[in-house]
Amino acid sequence: MNPIVEFCLSNMAAGSQSVYDTLSKDPGVDCLEYGCLTYCGLCNERLYALVNGDVVTGETADELLNNIYKHIEENWLF
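All values reported here derive from a predicted model rather than from experimental measurement. (Residues numbered from 1 in each chain as written. Predicted model: local features only at pLDDT ≥ 70, side-chain atom pairs only at ≥ 80, totals over all residues. Heavy atoms only, no water.)

## Examining the overall build of the protein
Item 1. The helix and strand tally for the protein stands at 3 helices and 4 strands.
Item 2. Its helices and strands taken in sequence order, the protein reads β-α-β-α-β-β-α from the N to the C terminus.
Item 3. The C-alpha atoms of the protein give a radius of gyration of 11 Å, which matches the 12 Å a tight globule of 78 residues would have.
Item 4. Across its three principal axes, the protein shows a C-alpha extent of roughly 35 × 20 × 20 Å. (Helix = DSSP H or I, 4+ residues; strand = E, 2+ residues; numbered from the N terminus. Rg over C-alpha atoms; globule rule 2.2 N^0.38 Å.)

So this is what it looks like as structure tokens:
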């Protein structure tokens, strides 16, 4: 079972699209996109994704990608 990373379409439009594109090519990660993840306040402030239900943020797309991989490494059980 792969870690699941969920993205909000609005946040993808704000800059996390490249992170989604990168992760969707990674066979060890399952990516999902939703119209809204109901984190609207956070979505307006910075880039974010949900990693197995945990919020992971970044000021830039590169930082978000690095933080997602770091979170997976530190918290993944398999």
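Moving on from the coordinates now.
## Things to note about the environment of C31
Item 1. Counting through the fold element by element, C31 comes out in strand β2 (residues 30–34).
Item 2. It is 12 Å that separates the C-alpha atoms of C31 and L9, two residues lying 22 residues apart in sequence.
Item 3. Beyond its immediate stretch of four places on either side in the chain, C31 contacts V5, F7, Y20, L23 and S24. (Contact = heavy atoms within 4.5 Å.)

## Some words on unusual backbone geometry
Item 1. A positive phi angle is found at T38, which is not glycine, with a value near 60°.
Item 2. Its place among the elements puts T38 in the loop between β2 and α2 (40–45).
Item 3. We classify T38 as exposed; its relative accessible area is 66%.
Item 4. For N52, which is not glycine, the phi torsion reads 50° and is therefore positive.
Item 5. Counting through the fold element by element, N52 comes out in the loop between β3 (47–51) and β4 (54–58).
Item 6. Overall, the relative accessible area of 38% leaves N52 in the partly exposed class. (Buried < 20%, exposed > 50% of the residue type's maximum accessible area, 1.4 Å probe, protein only.)

## Here's the deal with helix α1 (residues 9–24)
Item 1. Across its 16 residues, α1 extends only 14 Å between first and last C-alpha, which sits more than 12% below the 22 Å expected from 1.5 Å per residue.
Item 2. Remark: the principal bend of α1, roughly 100°, maps to G15.
Item 3. All buried positions along α1 are accounted for by N11, M12, S16, V19, Y20 and L23.
Item 4. In the core, the buried residues of α1 are packed alongside β1 (4–8), β2, α2, β3 and α3 (61–75). (Expected span 1.5 Å × (residues − 1). Bend = angle between axes of the 7 residues up to and from the residue.)

## Focus on the pattern of salt bridges
Item 1. Evaluated as defined, the whole model comprises 1 salt bridge.
Item 2. The salt bridge partner of E59 is R46, with a shortest N-O separation of 3.3 Å. With E59 in the loop between β4 and α3 and R46 in the loop between α2 and β3, this residue pair connects regions lying 13 residues apart in the sequence. (Salt bridge = Lys/Arg side-chain N within 4 Å of Asp/Glu carboxyl O.)

Read these as layout, nothing more, since geometry by itself doesn't imply function.
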